[in-house]
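# Structural overview
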Amino acid sequence: MFKTVLFPIDESRESREAADTVAQMVKTFNSRLILLSVNEVSVEGEEPPPPERVMTPEAIAELLKNAQSMFSKLGIEAETLEREGKPAFIICDVADEVNADLVIMGCRGIGLTEEGLADSVTNRVINLAPCPVLIVP
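Now for a quick tour of the structure. Fair warning: this is a prediction, and the values are worked out from it, not measured in the lab. (Residues numbered from 1 in each chain as written. Predicted model: local features only at pLDDT ≥ 70, side-chain atom pairs only at ≥ 80, totals over all residues. Heavy atoms only, no water.)

### Here we look at the packing of aromatic side chains
Scanning the entire structure with this criterion turns up two aromatic pairs. Considering the side-chain rings of Phe2 and Phe29, the 5.1 Å spacing of their centres and the 85° angle between planes classify their relative orientation as edge-to-face. Pair noted here: Phe2 is in the segment before strand E1 (4-8) and Phe29 is in helix H1 (residues 13-29), with a separation of 27 residues, a long-range link. On the basis of an interplanar angle of 90° and a centroid distance of 6.2 Å, the ring pair of Phe7 and Phe71 is categorised as edge-to-face. Of the two residues, Phe7 sits in strand E1 while Phe71 sits in helix H2 (residues 57-73), which places them 64 residues apart along the sequence. Given a relative accessible area of 2%, Phe7 falls into the buried group. Residue Phe71 is classed as buried on the basis of its relative accessible area of 0%. (Phe/Tyr/Trp six-rings, centres within 6.5 Å; stacked < 30°, edge-to-face > 60°. Helix = DSSP H or I, 4+ residues; strand = E, 2+ residues; numbered from the N terminus. Buried < 20%, exposed > 50% of the residue type's maximum accessible area, 1.4 Å probe, protein only.)

Below you can see the structure in the form of structure tokens.
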């Protein structure tokens, strides 16, 4: 049913907590797992992202390596991808590129804005994704 699962990760607690659900789903459906980390970068003409939402390339590599190792210990092989841009749009683009059947993500990540949930990465992904999105509270 879910041949390819995309799991966008960041350094948030919600992302770490969603990992258990991801592992269960991937094992249940014998899915291909793709871990994605998106580094939000400045876009010309727009206000730069807050410092807590910008990661160094080394931090992204470490985050993906740790996540891949954690899934490996559970007997799950995971592929990793790193991208730069606006997280919601990159997540949806990657979901389309890898033909994801499901995106699984935490209910809030480090990208929750002052405007609240309406402008969150999660909400944007729900509205733009080319496949179903499972939000883990």
